[in-house]
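# Structure at a glance
Chain residues, written in single-letter form:
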Amino acid sequence: MLTVDEALDRVLAAAEPLAVEEVPFREALGRALCRDIVAGEDLPPFDRSAMDGYAVRVADGTAGAVLEVVGEVPAGRPGNVPVGSGQAVRIMTGAPIPPGADAVQMVELTEALDGGRRVRLVRPVAEGENIRRRGEDLRQGTVVLCAGSPIRSTETALLASLGIVHVPVRRAPRVALLSTGDEIVEPERSPLSHQIRNSNAYAIETILRDLGLPSEYLGIAADSREALAGSIRRGLRSDMLCLTGGVSVGGYDLVAEALRGEGVEIIFHRVAVKPGKPLLVGRRERTLVFGLPGNPLSSVCDFALFAVPALRKMLGWADPRHQEVAGILEGEVRQKPGREWYCLARAVWRDGAYRVEPVPSMGSADIVAACKANCFAVVPAETALLPAGSSVRLLLWGKGF
Ligand code: AMP
Ligand code: MG
């Protein structure tokens, strides 16, 4: 059986970045740039004040100096009030530095005299103090954002600052979701005594929404070859098809066979992961197929561990894998060795580290326990016991989890 790392390598090898498109920068959240972005301008674009205060000549900037206030430059006005020797100009944060001035003394270190016609400097001011120089943050012509870096709010702000209002990114993948199982009914229905409400489709749909990706829900297919085949054919029109249920070894687990029947090449079936061992991954042409186990925690864990990185690769992210952090276990965890265990846990930051409390769970259907967790603590496959106080790998839940 493949390890988690081996399985993820195969998934990422099978996922290909989608076609390039230009989108308005405000619609690029979560997408990755498909080429480097070069600054067409300096940032800041002009020398400007970092403080409310007085623009002065540094030669006059001695403690106790009394200067004549010859004008005022608020932000949003041109700074064309020259500062001569023995003079000061009242200036606001963000306003351009007037000609002649080479320092700004913050207003808190001054005293206004004669109703504001003169000002006394309480402390000396140094050359360049409180001046943000043109190009200090960024010089025109430098690469500011690299191909493959995802757009977050910070990148959006930078693009806005530089006036880059269209960006080249990869097309967003279209994901089709299909639930399977004769026992599954939609949440609005009152289940009969032998039926279970569908939760998987909605958990996965929510993760996708969090990633800013649309999904197409194909409903529930019965455990029959005909029902599965019809829905699979529809799903294969998307960039990714995710099915839940029917990939285990039960007599009615027909998904693998139905996928093969529709021309899907199986890349692997089963991974040494807990929860989520029955995972099946396949591909037909450019459509990736995830056959996720039916148990709610298994389906979400597999989707987050394998399908989300695949989606990021399709989106062109240079680094599509999840970022882990380290934590310290507050209670011990024990397992039967053999599979890498994504143990439900609750992490809080205390005394300079994540303190990790394992969340007791009844198993891979226990969504009640999952609601008490905020991360997975990753227990290596070969480890039977991690005692309290051990360092542990953590996958904090956030986007994509
Ligand atoms: P399966 O993978 O089809 O063997 O299903 C494993 C378990 O997950 C069974 O108890 C199913 O009833 C349950 N299950 C399957 N699909 C769903 C679903 N969409 N929502 C909630 N539970 C499900
Ligand atoms: Mg089933």
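Residues numbered from 1 in each chain as written. Chains lettered and ligands numbered in written order. Predicted model: local features only at pLDDT ≥ 70, side-chain atom pairs only at ≥ 80, totals over all residues. Heavy atoms only, no water.

### Side note on the pairing of strand 13 (residues 175-180)
A large share of strand 13 lies buried, amounting to 6 of its 6 residues. Residues Val-175, Leu-177 and Ser-179 line one face of strand 13 and the alternating positions Ala-176, Leu-178 and Thr-180 line the opposite face, and both faces are buried. Judged from the 5 bridges that link them, strand 13 and strand 17 (residues 240-244) form a sheet pairing that is parallel. The partner of Ala-176 across the bridge, within strand 17, is Leu-241. (Buried < 20%, exposed > 50% of the residue type's maximum accessible area, 1.4 Å probe, protein only. Helix = DSSP H or I, 4+ residues; strand = E, 2+ residues; numbered from the N terminus. Pairing = 2+ DSSP bridges.)

### Some thoughts on the environment of Phe-25
Within the secondary structure, Phe-25 is located in the loop between strand 1 (20-24) and strand 2 (37-38). Judged by relative accessible area, which is 15%, Phe-25 ranks as buried. Sequence separation between Phe-25 and Arg-120 is 95 residues; the distance between their C-alpha atoms is 47 Å. Setting aside residues no more than four positions away along its own chain, Phe-25 makes contact with Thr-156, Leu-159, Ala-160, Ile-164, Val-165, His-166 and Val-167. (Contact = heavy atoms within 4.5 Å.)

### Observations concerning the side chain of Arg-355
Within the secondary structure, Arg-355 sits in strand 25 (residues 353-358). Polar contacts involving the side chain of Arg-355 include one to the main-chain carbonyl oxygen of Asp-351, which spans 3.1 Å. Every residue in contact with Arg-355, bar those within four places of it in the chain, is listed here: Ile-328, Glu-330, Arg-346, Ala-347, Val-348 and Arg-350. (Polar contact = N/O pair within 3.5 Å; in protein donor to acceptor, adjacent residues only side chain to side chain.)

### Description of the site of ligand 1
Around ligand 1 there are 16 residues in total, and Glu-183, Asn-198, Ser-199, Gly-246 and Gly-294 lie nearest to it. Measuring from an oxygen atom of ligand 1, one finds a backbone N or O atom of Gly-294 at 2.9 Å. Within the contact set of ligand 1, an oxygen atom lies 3.2 Å away from a backbone nitrogen or oxygen of Asn-295. Coverage of ligand 1 by the protein amounts to 78% of the 490 Å² it exposes when considered alone. (Near = heavy atom within 4 Å. Areas by Shrake-Rupley, 256 points an atom, 1.4 Å probe, with all protein chains shown as cover.)

### Here we look at the pattern of salt bridges
The final tally for this structure, using the stated rule, is 20 salt bridges. We note a salt bridge from Glu-111 to Arg-120, for which the minimum N-O separation is 3.1 Å. Under the relative-accessibility criterion, Glu-111 is labelled partly exposed at 35%. Through salt bridges with shared partners, a single network forms among Glu-16, Arg-283 and Arg-286. (Salt bridge = Lys/Arg side-chain N within 4 Å of Asp/Glu carboxyl O.)

### Side note on the domain arrangement of the protein chain
Domain parsing of the protein chain yields domain 1 (4-18 + 172-314), domain 2 (20-40 + 148-170), domain 3 (48-132) and domain 4 (325-396). On a C-alpha basis, the centroid separation for the pair domain 1 and domain 2 is 31 Å. On the domain 2 side, the residues contacting the 4 residues of domain 1 number 4 residues. A buried area of about 320 Å², summed over both sides, lies between domain 1 and domain 2, and 45% of it is on carbon and sulfur atoms. It is Pro-17, Leu-18 and Ala-172 in domain 1 that bury the most area against domain 2; as a group they hold 79% of the surface buried on that side. (Domains from an automatic or database assignment. Buried area = accessible area lost by both parts, 1.4 Å probe.)

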